[in-house]
Structures are given as structure tokens and as C-alpha cells.
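Residue-level structure breakdown
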Amino acid sequence: MDLFNVYKRWDIEPVRGRGSTLWDRDGNEYLDLYGGHAVISVGHCHPHYVAAVTAQLGRLGFYSNAVQSSLQETLAEKLGRISGYDSYHLFLCNSGAEANENALKLASFHTGRAKVLAFGGAFHGRTSGAVSVTDNPKIRAPFNATGNVTFVPLGDLEAARKELSTGAYAAVIIEGIQGVAGIREPSEAFFQDLRALCDGTGTLLVADEIQSGCGRTGRFFAHQWAGVKADLVTMAKGLAGGIPIGAVLISPDIQASYGLLGTTFGGNHIACAAAIAVLDIIEGESLVAQAEKLGNWFREQLEGDPALVEYRGRGLMIGLEVKPEFKGLRDRLLYEKHIFTGASGERVIRLLPALNLHWQDARTFVDAWRELTR
Ligand SMILES: Cc1ncc(COP(=O)(O)O)c(C=O)c1O
């Protein structure tokens, strides 16, 4: 058997990591500013994280949701306190797409409505519901029907108003900052107006914070920059630092019947121990504030850079749109400078590093950038 060929892969295999450094089999060293796609929130192999996960594995690795779980309760309490969503309920699952599936299903169940409003450029995952609210027909199969989904341009309040005022929509789903689209940020005013539109039409606001959450933008959730609260918030990626997890934060006004949602692995002991350790590190090392400071520094260094069309993003969710002549820059960073970065199309480099990135590593990137673009 060989691997199903759906990923474009670099010809590099990291086998060891520490902080924001990776090593391949031959001992070559790399700087990781991609974080395995925003997953490595507290760095590779943080000693507290490794100790917490291995200790849990040695105590009890798994039991299903048929039993009590004080780990899940601890995680809910901590996540509520750190995120400011303490009055909400927590449902745990296994991935970002699954979190969005559950949020949309719950919104539809609660409102009795079938339609969902999504935005141009949106990415919410590849499972059926999640891909149907994703603005990319190339990753949809005929089965993933979008009959109940309408897309309007991000930031177009009038288009959103026109749709929502029909009263047919269960939910609006919006990324805190669009990641896959190349780091596109809805304005704070748009978030506020959307909140008011949802309130006026009985529509639930679902904030997809799968990539932009967990402190990455300098607030625990990116939508909190706008001072709004969503009815449902979805998380995954950085929450458990690399152990699969998905989470839905659910407004206390929303109820479900027993069995409406469920999953075998969701909320398992290892994922909970990992997420608790990540949140302890984020809190103990003040990493939300650190993400903001590092982000401000990157912006100071790179905004207006001659190789750039635009610097986008907040904190450590950064999109660097380069001029056409720098199209291959991401590969050059990788192969000439040994720096991992993300991409969006051929001309946007995405930085999604660990929130505890060292200042000298940030400097290394900026130096490498300047050497390759001057
Ligand atoms: C904003 C957003 N939502 C959802 C997902 C899907 O998450 P997963 O790959 O864990 O299913 C992603 C993944 O990149 C994402 O960036």
C-alpha cells in the first residue's frame, strides 16, 4: 500500500523539534515559522507539555464519553476563564472541520432553520458541511451540496443584510481572520454590524477561530478585537499543540437533545491533558500579550518593505503579499535559508509561528527576508 496522493509535500522530513527549531534526519536545522499550520502554539516539545501528556498517557490514555471526565471539566473551566467565554458550554471533538460541522448542525437544530450565510474567500474545512460553507468549488464533490449556503463578499454588510432579513438563516459563519484566503481581516465595524444583524434576525453568529484563535492575534480570539461575542465559537489547531482536538463554545441560550452531538474520541484524556497544558503555558508565559508584541515588531520591520504589496494580519497571524517578481520567495526561504513558512497562492507568505517564538528567531527571518529580496 502507498499513501493516497492528496497532499503536496516538501521533500523534507523533520524528525525532532524544540521550541521553533526543527531538525531533519541528517541533522539539518530549520526555523519553523509555520508551526505545522498554526498548530504548534507553544513550540515543539515544550517540557511542561511533554511532561503533562506523557504523565496522562501513563495514568489513563482513553475512555469514552460514557463516563465522567474531570479532565474535560478542568479544560472547560480553564478555557472559559482564559477566553472570556466562561458562561458558555464546551463540546469537544477532534478537528476543525468537525467543530464547524457541529456548530452549524447545532445552529440549525436550535433555530429550526436550514440556511447558512458564509463569506467569499472562506475556508472552514473539507468535510461535507464544512466544505459547503467553504468558498472553493474545487475541493467539493457533488455530494457536498451547497443548496442551503449563500456566499456574500467579506465586508459587504448590505449583501449580508439582504440575505439575513429573509429570516431563513440559522447561522452566519465567519473566520476571525481569513487564513487560507491569504490573511484577510474583516473590519471591527463589520463584526459589530454583523452581530447586530444577527441579533435583529434571530440568526446565530458562528466565529471560526480555528486558525486565528488561542491567542495568536494578540487577543484570545481575533473577533474579540471588535469587542463582540459570538453565539458559537469553533477551535482546533493550536488548542492542544499537536494532539488532535476540536472544540465548540456554545452560548448558554442554545440547547441540544441527548445524542444530537457525539463522538468517540472527542474530549479524550490525552487531548484534554494536552489542551490544559497548552492553556497553562499560554497563561503562565503571558503568550497572548507576547503574540501581540512580536506581531507589532514584525509589522514595524516589514510594513512598507519594497518587496511587499501589503502586510496583513494581527499578532502572529501574518500575511506577506509579495510583488510578482518575488513569486518563488517561500521556496527560497525554505531551501536557501532553512525557514518554514506557510503560503496562500503563489504570492502570499503566511507566518503562523509558535506564540513563544524567540526574538532572535524573528530577527533571523527579517534578515533572511532582506538578503533574499535586495
Ligand atoms: C479557519 C479554518 N477553519 C477550519 C479549518 C479546518 O480544520 P481541520 O483541518 O482541523 O479540519 C481550518 C484548517 O486550516 C481553518 O484554517
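Residues numbered from 1 in each chain as written. Predicted model: local features only at pLDDT ≥ 70, side-chain atom pairs only at ≥ 80, totals over all residues.

Observations regarding the overall build of the protein
- Counting its secondary structure elements, the protein contains 11 helices and 15 strands.
- Computed over the C-alpha atoms, the radius of gyration of the protein is 20 Å, within 12% of the 21 Å expected from 2.2 N^0.38 for a compact globule of 374 residues.
- For the protein, the spread of C-alpha atoms along the three principal axes comes to 55 × 55 × 45 Å.
- A burial count over the protein gives 49% of its 374 residues as buried.
- Contacts in the protein between residues far apart in sequence, at least 24 positions, make up 74% of those at least 6 positions apart. (Helix = DSSP H or I, 4+ residues; strand = E, 2+ residues; numbered from the N terminus. Rg over C-alpha atoms; globule rule 2.2 N^0.38 Å. Buried ≥ 20, exposed ≤ 12 C-beta atoms within 10 Å, placed from the backbone. Contact = placed C-beta atoms within 7 Å.)

Looking at the site of the ligand
- Of all residues adjacent to the ligand, which total 15 residues, the nearest are Ser95, Gly96, Ala97, Gly125 and Gln211.
- In terms of residue count, helix H4 (residues 96-111) provides more of the shell around the ligand than any other element does, 3 residues in total. (Near = placed C-beta within 6 Å.)

What about the sheet that holds strand S11 (residues 308-314)?
- Spatially, the 4 strands line up as an open sheet ordered S11-S12-S15-S14, and their pairing is antiparallel. With one partner strand each, in any of the chains shown, S11 and strand S14 (342-344) form the two edges of the open sheet. Geometrically, the sheet is characterised by an average inter-axis angle of 25° between neighbouring strands, direction not taken into account.
- Pairing analysis gives 3 bridges linking S14 to strand S15 (residues 348-351), with the strands arranged antiparallel. Residue pairing across strands places Ala343 opposite Ile349, the latter belonging to S15. (Pairing = 2+ DSSP bridges. Axes fitted to C-alpha atoms, helices over the stretch in contact; angles between N-to-C directions.)

What about the nonpolar core?
- Counting residues in each nonpolar core, the largest one holds 111 residues, and the members touching the most others are Val206, Leu232, Ala275 and Val278.
- Ranked by the residues each element gives to this core, the list is headed by helix H8 (residues 269-284), at 12 residues.
- Residue assignment places this core across two domains, with domain 1 (14-46 + 286-373) and domain 2 (48-284) each supplying three or more.
- Here Val206 is in contact with Ala103, Leu104, Ala107, Ala171, Val172, Ile173, Ala230, Asp231, Leu232 and Thr234, once residues within four sequence places are set aside. (Core = buried A, V, L, I, M, F, W, Y, C linked by C-beta atoms within 7 Å. Domains from an automatic or database assignment.)

A short note on the domain arrangement of the protein
- Each assigned domain of the protein is listed here: domain 1 (14-46 + 286-373) and domain 2 (48-284).
- The C-alpha centroid of domain 2 is placed 25 Å from the C-alpha centroid of domain 1.
- At the junction of the two partners, domain 1 supplies 28 residues and domain 2 supplies 27 residues.
- Elements supplying a minimum of two residues to the side of domain 1 that touches domain 2: helix H1 (35-38), helix H9 (287-302), S11, strand S12 (317-322) and S15.

Quick notes on the packing of helix H6 (residues 157-164) against helix H7 (residues 188-201)
- Look at H6 against H7: their axes get within 10 Å of each other, and the N-to-C directions meet at 10°. Relative to H7, the element H6 lies roughly parallel. On H7, the residues that touch Leu157, Ala160, Arg161 and Leu164 of H6 are Phe190, Asp193, Leu194, Leu197 and Thr201.
- Counted by class, the contact of H6 with H7 contains 6 nonpolar, 1 polar and 2 charged residues. (Parallel < 35°, antiparallel > 145°, perpendicular 65-115°, else oblique. Nonpolar A, V, L, I, M, F, W, Y, C, P; charged D, E, K, R; others polar.)

Things to note about the sheet that holds strand S1 (residues 14-18)
- Pairing within the open sheet is mixed, and its 4 strands lie in the order S1-S2-S3-S13. Either end of the sheet is taken by a strand with one partner, and the two such strands are S1 and strand S13 (339-340).

Describing the environment of Trp369
- Among the structural elements, Trp369 can be located in helix H11 (residues 359-373).
- Judged by local crowding, Trp369 falls into the buried class, with 24 C-beta atoms found within 10 Å.
- In this structure, the C-alpha to C-alpha distance between Trp369 and Leu320, residues 49 residues apart in sequence, is 11 Å.

Section: unusual backbone geometry
- With a phi angle near 65°, Cys214 is a residue other than glycine that sits in the positive phi range.
- The topology assignment puts Cys214 in the loop between strand S8 (204-208) and strand S9 (232-235).

A short note on H9
- Across its 16 residues, H9 extends 22 Å between first and last C-alpha, which sits within 8% of the 22 Å expected from 1.5 Å per residue.
- Of the residues making up H9, those classed as buried are Leu287, Gln290, Ala291, Leu294, Gly295 and Phe298. Each buried residue of H9 lies within a common arc of 135° when the element is viewed along its axis, so the set occupies one face.
- Turning to H9, the residues buried within the fold contact H8, S11, S12 and H11.
- Of the residues one or two after H9, Gly304 is the one with positive phi, at around 80°. (Expected span 1.5 Å × (residues − 1). Arc of directions from axis to C-beta.)

Thoughts on the pairing of strand S2 (residues 21-24)
- Sheet topology places S1 next to S2; 4 bridges connect them, and they run antiparallel. Each bridged residue has a counterpart across the sheet, and for Arg18 the counterpart in S2 is Thr21.
- Hairpin remark: S1 followed by S2, antiparallel, with 2 residues in the connecting loop; positive phi at Gly19, about 60°.
- Pairing of S2 with strand S3 (residues 29-32), which is carried by 3 bridges, proceeds in the antiparallel orientation. Residue pairing across strands places Trp23 opposite Glu29, the latter belonging to S3.
- Hairpin geometry of S2 and S3 is characterised by an intervening segment of 4 residues between the two adjacent antiparallel strands and by a positive phi of about 85° at Gly27.

Points about the pairing of S9
- Every second residue of S9 is oriented toward a common face, with Leu232 and Thr234 on one face and Val233 and Met235 on the other, all of them buried.
- In terms of strand pairing, S8 meets S9 through 3 bridges, oriented parallel. The partner of Val206 across the bridge, within S9, is Leu232.
- Sheet topology places S9 next to strand S10 (residues 246-250); 4 bridges connect them, and they run antiparallel. Residue pairing for S10: Thr234 is matched across the bridge by Val248.

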